[in-house]
Structures are given as C-alpha cells and as structure tokens.
Amino acid sequence: MATLVNSVSPLTSPSPETARTACGFFSNVPNFYSFSLNKGFTRVLASTQITISPKDSVLTLPNWKVGRNGTRNREIRLNDAFFHLEFIVGKGHKPDVAQATQLLYDLCKSNKMKKATRVMEMMIESGIIPDAASYTFLVNNLCKRGNIGHAMQLVEKMEENGYPTNTVTYNSLVRGLCMHGNLNQSLQLLDKLMWKGLVPNEFTYSFLLEAAYKERGVNEAMKLLDEIIAKGWQPNLVSYNVLLTGLCKEGRTEEAIRFFRDLPSKGFNPNVVSYNIILRSLCHEGRWEEANQLLAEMDSEERSPSLVTYNILIGSLAFHGRIEHAFEVLDEMVRASFKPSATTYNPIIAHLCKEGKLDLVIKCLDQMIHHRCNPNEGTFNAIAVLCKQGRVPEAFSIIQNLGNRQRTSTHDFYKGVITSLCRKGNTYPAFQLLYEMTKFGFVPDPYTYSSLIRGLCIEGMLDEALEIFRLLEENDYRPILDNFNALILGFCKSGRTDLSLDIFEMMVEKGYTPNETTYTIIVEGIAHEEEKELAAEVLKELLLRQVMRRNTAERLVLQYNLEALPV
C-alpha cells in the first residue's frame, strides 16, 4: 500500500458550501427506500396491555453458551438465540425470563446494542416486566458506547409506561452526558432527578465534578462543589477525591497535597483512593522519597495498598526506566496475593520494547501468560513501539507467538490486534503488521478495512483514508457499505462534514444504498458543527422520506437538543 506520510492541512472551520451540499444530499435519498425495522418502544409499549394467558407455555431458547470456541462461532450462536426469541414472541409465546435477560446482557457485552434493545422490547411485548437491574444495565451500556440520546429515549419511554427508574439509572445518563461534554444538560437532568424525588448519591456528584474540571478547569469544579453544598446536598469523600484528581491532572501537586492534608478538617479521613491519587502524582514527577513516606502512612485496613497502588508504582518505575525496581514491586505484589493483570505488565513491556530488549520482552510476556493475563489493547500498542523502530518482523513474531497461545482463532486474534492499534492511533504500525500477517495467510475482512479507515481518520490522514478505496478497487475488492460509513464518520469527526457529503454522493454514484447508520452519522456531523437548524431540517426530511425510523430521529433530537419533530 502507498506510504502513509502525506497528512492533510490543519483542520479548518466547515465550508460555507456545507448548507448547499446538504441540500443536494437529499437528491440522493431514494424515495423508495424504507426501513422494515419500525418496531420501536412507542409501538411495543402501547401493546403491553395485551397479556399472555396462563395456558401459554414458557418457551426456552437454544443454549448459545455451549459449542465450539471462537468469536465467530459464539456470534452465530448468539444470533441464533436472538432470532429464535423473535420467532417465539412473534407467535405470542412468553420466553423464559432468566434466559431472555441473560441474552440481553450477552448482546450488550458483544456490543450488539440494537439487538439488546430489541430483546427488552420483546420482553415487554410478551408481558414480562424487566427488572431494574437489566434495564439499568442496558441504559449504562448504551451510554458507555455514546448512544446517549438512545438511552435517554429508553428511560423516557419506560417511565411513561410505569417501569422502574432509580438513582442508578439516572447516574448512567448523567455519566454518559458528562463523558461527552454535556455538563449543562447533566445539571438539568440532575434537577429532573430531584424533582422526581430521587436522591443523588456520591457517584452523581463525582460524575458532575469530573465533567466540570475537564470542561472548565478544577477551579470551576470547586465552585460547583460550593453550589452543591449551598443547595443542601451532601457530597462525600468521593467528591473531594475527584477534585484532588483534578488538581493533580493540572500539575498542581503542591496544592493537591495541601488539599489532601486538609481533608480531616472537612470531616473526612483520606482513604486508599486519596492516597493513590497523590502517590501517582509524586511518582510521575520522580519524587520517590516522598512517595515512600506516603506508602509508609498506608498501614491501616482502610487505606492499605491496593492493586491500583501496585500498578501505579510499577507503571511509574517503568516510565522512568527503573525496570529492576518495577519487577521487584511486581514480585512483592504477587506475594501480597494480588493478581497482576495486563495493565500491570504493559508499562514494563512498553519500556523494554523502547529499549529494544527483546529477550526481556519475551520473558515478561511469558510471565504474563503464566499468571493467566490475556494481552489487551495496551499490550499490542506497547509491542507496536518495535514497529516504530523498524523492527516489524520481531514485533510480528511476538504477536504471532501470543496468538498461538490464545483460545480464539488466529484470524480473530490478528483482526483484534489491527483494530486495537487503529483505535489508539497506531495505524501505521497496524499497516506494517498487516503486511506481515498476510504473508502467513491472514486475509483482511471488510471490518478490518473499516478499522484501518477509522484509524487514519483519527490521525488526521483523510487523504490516505480515501486512498484505501482506490487501492482496494484496483485490487478487485468491492468495499461494503460499512467501509463507506467508517470513512464518512471519520470525516465528520474531523470536522469536515462538508467533505463527508461529497463521499456520500460518491458512494451513491457507485451504486450503494445508504442505510440508517449513514444518515445518522451525517446528521450528527452537522449537529457537532453547531449547525443545529440545518441538522433539524435534514432530520425532518429524512423522516418524511421514511429512510430513518422515528425512534432514531427522536433520539437525535434529545441528544443534540434539536428542534422538536412534527407530530
């Protein structure tokens, strides 16, 4: 593949042509294209008055947990169970509650959020009242994956129909909004929570304060804490630990230490989390003597060293090149009956790769596998350091050895490595390793190409992302719709929605039919550029042409505070 070296110019503000291009965008929305998945909560919840008579038997689902290993096999079994559930509910039968709930959990864990949401719809449709735990789990997973509007819509619909909502559910929404920089909307949601009689807890406050220091700085977060106290709310040590973290992240270590020492005067004794926050800052600055003094204070049960404490020490020592000391702490950690994880080993592996000490890298990975620590994204990105040093064959050899030890198929493992590297902005090493992998029979699938496209866009290499399509077509590969969606998403996230519309037109010219995901990405791109009136206009037109479900449109209205849709 072409060398990925020519980056585009720095991102600029959206083109004034965006509005006109968006209007032209409608000419490519086929009038005949309509979704058959319009089975949203409005219809489902409206039918919940229909009950299943006692004579109807409870039907079980095929066991998706038993069968051949491998990601692909598990996905097939999971999909089979989902379609079986659809079939029996469609025939008017009630599924086994425990099985349906477990299916919802497993679909969430597999990142199949649409199907997980559909499972809850079907549970309600069949007369099952979902418990608060499964409902909250779904909301939490939607928020974690950035589907805030969808989660808010889910909560709203469930509340309208009398299903349980609690503080934990609201906390998921608050956290989701805070994670995506919507502090003001989070505060509005908090007022709504209070109005409903639900009591905020320490997690509610911590999410808000964390969002405040990330968006506006720790001084503003402290002002927010004062406002919280003035309103009669009772923050606890968790809230103060968040502010302590904020001070350390801003490099204000001395102020953080004073704040830490002043906690007893506020009615709180520092806990192990408080100590870990200060310890991390001291170790990062190489203030080892003070770090040792702090460790000596951690002698009571409430603040004795934790797994996090050991990981902080090991990571900091590795960062400063003190590898022998890092291994000594690791040995002490094991003696103290703590189980190391990939997070424990990754800083050591990264530093050893940086120094090119391959024998020690292999020794460390052997020890890691011995302790049953599976490699993760951090491990792959640590090994990618070797690629940056021009030692690609050695890096591939190590990854190949790791792959041989995994229970998943070699194809799934290699695919996971490429995806992990691209997600963290190590796209060039991903291409280098991909070249080595193909020598050993690995054939990239369409989703691997999507990962590469997203990775290039994350790093601002938009021209190179486009180049992939030319190269693929030259090699007789026909991209799938997901590849185009990945490219459109990458351009939108880079603030170039105007260019993403050009890609959309190119996609249609090549004979591809856009799906709901395509349209959703474009609306979100326009909304992110603060063109909310235009986003609302596009959304209404898509709804009118029946290429977007009303549920999806309502979610976008909620998430981006757009003009309400016509009834």
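The preceding data block contains the structure.
If you're wondering where the values come from, they're calculated on a predicted model, not measured in any experiment.

Definitions and cut-offs
- Residues numbered from 1 in each chain as written.
- Predicted model: local features only at pLDDT ≥ 70, side-chain atom pairs only at ≥ 80, totals over all residues.
- Heavy atoms only, no water.
- Helix = DSSP H or I, 4+ residues; strand = E, 2+ residues; numbered from the N terminus.
- Buried < 20%, exposed > 50% of the residue type's maximum accessible area, 1.4 Å probe, protein only.
- Polar contact = N/O pair within 3.5 Å; in protein donor to acceptor, adjacent residues only side chain to side chain.
- Contact = heavy atoms within 4.5 Å.
- Salt bridge = Lys/Arg side-chain N within 4 Å of Asp/Glu carboxyl O.
- Phe/Tyr/Trp six-rings, centres within 6.5 Å; stacked < 30°, edge-to-face > 60°.

Student: What exactly am I supposed to notice about unusual backbone geometry here?
Tutor: For residues besides glycine, phi is generally negative; the peptide bonds are generally trans as well. Phi is positive for serine 337, which is not a glycine, with a value near 70°. Looking at where serine 337 falls in the secondary structure, it is placed in the loop between α17 (323-335) and α18 (342-355). In this model, glutamate 530 sits at a positive phi of 65°, which is unusual for a non-glycine residue. Locating glutamate 530 in the fold gives a position in the loop between α28 (516-528) and α29 (532-544). Exposure remark for glutamate 530: the relative accessible area of 58% places this residue in the exposed category.

Student: How should I be thinking about the side chain of aspartate 445 in this particular structure?
Tutor: Looking at the secondary structure, you find aspartate 445 in the loop between α23 (427-439) and α24 (446-458). Aspartate 445 gets classed as buried once you look at its relative accessible area, which sits at 16%. Among the polar contacts listed, one links the side chain of aspartate 445 to the side chain of threonine 448, at a separation of 2.7 Å. Discounting residues that sit within four places of it in the chain, aspartate 445 has contacts with His411 and Lys415.

Student: What am I meant to see in the pattern of salt bridges here?
Tutor: Pairing of side chains with opposite charge becomes possible as their charged atoms draw close. Applying the stated rule across the entire model yields 27 salt bridges. With a closest N to O distance of 2.7 Å, arginine 405 and aspartate 366 form a salt bridge. Taken together, the residues arginine 405 in helix α21 (residues 392-405) and aspartate 366 in helix α19 (residues 358-370) connect sequence positions 39 residues apart. Given the relative accessible area of 40%, arginine 405 is considered partly exposed. Of the residues examined, aspartate 366 reaches a relative accessible area of 32% and is grouped as partly exposed. In this structure, the salt-bridge partner of arginine 496 is aspartate 498, at a minimum N-O distance of 3.4 Å. In this structure, a network of salt bridges that share partners links the residues Glu86, Arg118, Glu121 and Glu125.

Student: Would you take a moment to explain the packing of aromatic side chains for this structure?
Tutor: This structure, assessed with the given rule, holds 15 aromatic pairs. Centre to centre, the rings of tyrosine 240 and phenylalanine 259 are 6.1 Å apart; their planes meet at 45°, and the pair counts as tilted. Taken together, the positions of tyrosine 240 in helix α12 (residues 237-249) and phenylalanine 259 in helix α13 (residues 253-261) put the pair 19 residues apart, joining distant regions of the chain. Assigned by exposure class, tyrosine 240 and phenylalanine 259 land together as buried. Here the aromatic rings of phenylalanine 396 and phenylalanine 440 are separated by 5.2 Å at their centres, their planes lie at 35°, and the arrangement is tilted. Separated by 44 residues along the polypeptide, phenylalanine 396 in helix α21 and phenylalanine 440 in the loop between α23 and α24 bring together distant segments of the chain.

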